[in-house]
Amino acid sequence: MELDRLDRDIIAALVEDARATYAEIGQRIGLSASAVKRRVDRLRVSGAITGFSAMVAPAALGWTTEAYVELFCQGKTKPSDIALAVSRYPEVVGAATITGEADALLHIRATDVRHVERVIERIAAEPFVVRTKSAIVLSRLVDSPPGTTLPDPRNESPVSG
């Protein structure tokens, strides 16, 4: 789906505050509430907007420590096998196949460093894992929610909302 500037502005407003009324969004971007509603409905039908949710600070849930773990797998381990295995760990909040020497990169959230260590030990024991390489996050320098910075296809530079 092709998003125009108003669609991008609506998405940015919803990412910032999904509870904003159509009237509030319309006032912010220069549309009527009914025009915003029509656009949001169209964005939902097209799949550009997949849902609305609350963003909760991980620390509020006790997840005060995070790490990134590179997985090095044996042979030609399929991404679907990696996904199936790591999805069993609630501490794994993100996983992706990556370029480079490692086969996958995991994002882990835990209660403390010892908890991270236990999770890595369990993941390292998976039959396809040869080794892991981990990094503990000390502090977040940039932490923008998805959708707050959208590429502008006209000039390919990010547009903040």
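Scope of this entry: the structure provided in the associated data block.

Basis of the calculations
Residues numbered from 1 in each chain as written. Predicted model: local features only at pLDDT ≥ 70, side-chain atom pairs only at ≥ 80, totals over all residues. Heavy atoms only, no water. Pairing = 2+ DSSP bridges. Helix = DSSP H or I, 4+ residues; strand = E, 2+ residues; numbered from the N terminus. Axes fitted to C-alpha atoms, helices over the stretch in contact; angles between N-to-C directions. Salt bridge = Lys/Arg side-chain N within 4 Å of Asp/Glu carboxyl O. Buried < 20%, exposed > 50% of the residue type's maximum accessible area, 1.4 Å probe, protein only.

A word on the sheet that holds strand β1 (residues 65-73)
Here is step 1 of the chain: Strand order in the open sheet formed by 4 strands is β2-β3-β1-β4, with antiparallel pairing between adjacent strands. Looking at strand neighbours, the two that pair on one side only are β2 (92-97) and β4 (129-136), the edges of this open sheet. Strand-to-strand, the axes of this sheet are offset by a mean angle of 20°, without reference to chain direction.

Some words on the pattern of salt bridges
Here is step 1 of the chain: Evaluated as defined, the whole model comprises 13 salt bridges.
Here is step 2 of the chain: Notably, a salt bridge pairs Asp9 with Arg5, separated by 3.4 Å at the nearest N-O pair. Of this pair, Asp9 and Arg5 both sit in helix α1 (residues 5-16), 4 residues apart, roughly one helical turn.
Here is step 3 of the chain: For Arg5, a relative accessible area of 35% translates into the label partly exposed.
Here is step 4 of the chain: Residue Glu121 pairs with Arg114 through a salt bridge whose shortest N-O separation is 3.9 Å.
Here is step 5 of the chain: Residue class for Glu121 comes out partly exposed when judged on its relative accessible area of 45%.

Some details on the pairing of strand β3 (residues 104-110)
Here is step 1 of the chain: When you tally the buried positions in β3, you get 6 out of 7 residues, the bulk of the element.
Here is step 2 of the chain: Of the strand pairs in this sheet, β1 and β3 are connected by 7 bridges, and their pairing is antiparallel. Residue pairing across strands places Ala67 opposite Ile108, the latter belonging to β3.
Here is step 3 of the chain: For β2 and β3, the ladder comprises 5 bridges, and the chain directions are antiparallel. The partner of Ala95 across the bridge, within β3, is Leu106.
Here is step 4 of the chain: Between β2 and β3, which pair antiparallel one after the other, the connecting turn spans 6 residues, and Gly100 there sits at a positive phi close to 100°.

Take it as geometry only, folks, not as evidence of what the structure does.
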